[in-house]
Amino acid sequence: MATIKIKQVRSAIKRPARQVATIQALGFRRLNQVIEKEATPQILGMIKKVAHLVEVVE
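So, here is what we can say about the structure in this document.

Reading the values: the criteria
- Residues numbered from 1 in each chain as written.
- Predicted model: local features only at pLDDT ≥ 70, side-chain atom pairs only at ≥ 80, totals over all residues.
- Heavy atoms only, no water.
- Pairing = 2+ DSSP bridges.
- Helix = DSSP H or I, 4+ residues; strand = E, 2+ residues; numbered from the N terminus.
- Axes fitted to C-alpha atoms, helices over the stretch in contact; angles between N-to-C directions.
- Core = buried A, V, L, I, M, F, W, Y, C linked by side-chain atoms within 4.5 Å.
- Buried < 20%, exposed > 50% of the residue type's maximum accessible area, 1.4 Å probe, protein only.
- Contact = heavy atoms within 4.5 Å.

On to the sheet that holds strand β3 (residues 54-57). Strand order in the open sheet formed by three strands is β2-β1-β3, and the pairing between neighbours is antiparallel. Edge positions in the open sheet fall to β2 (34-38) and β3, since each of these has one partner strand only. When the angles between neighbouring strand axes are averaged without regard to direction, this sheet yields 35 degrees. As judged from the four bridges shared by strand β1 (residues 3-8) and β3, these two strands associate in the antiparallel manner. Following the sheet pairing, Gln8 is matched in β3 by Val54.

Have a look at this one:
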């Protein structure tokens, strides 16, 4: 399966608990961190939920 690189560009401070949990579940620990994940439907759904906090890096 293809991999996808994701970068956290906005902070999760003062966000709803579900969004904070999604950011943590994706594996982010700090701002501007880039992580690489498998492009599964579950991961793509998580990215969609916090699209305003992350960006996909090609």
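Turning to the nonpolar core, a few remarks are in order. In this structure, Ile6, Ile23, Leu26, Phe28, Ile47, Val50 and Val54 are the most contacted members of the largest nonpolar core, which totals 13 residues. With sequence-adjacent residues up to four places away left out, Ile6 is seen in contact with Phe28, Gln33, Val34, Ile35, Lys37, Ile47, Val54 and Glu55.

This paragraph deals with the side chain of Gln8. As for its position among the elements, Gln8 is in strand β1. Overall, the relative accessible area of 5% leaves Gln8 in the buried class. Among residues more than four places away in sequence, those in contact with Gln8 are Ile23, Phe28, Arg30, Leu31, Asn32, Gln33, Leu53 and Val54.

Right, let's get into the environment of Val56. With respect to the helices, strands and loops of the structure, Val56 is situated in strand β3. Classification of Val56 by relative accessible area gives partly exposed; the value is 39%. Counting along the chain gives 50 residues from Val56 to Ile6, while the straight-line C-alpha distance between them is 4.6 Å. Ignoring sequence-local partners within four residues, the contact set of Val56 consists of Ile4, Lys5 and Ile47.

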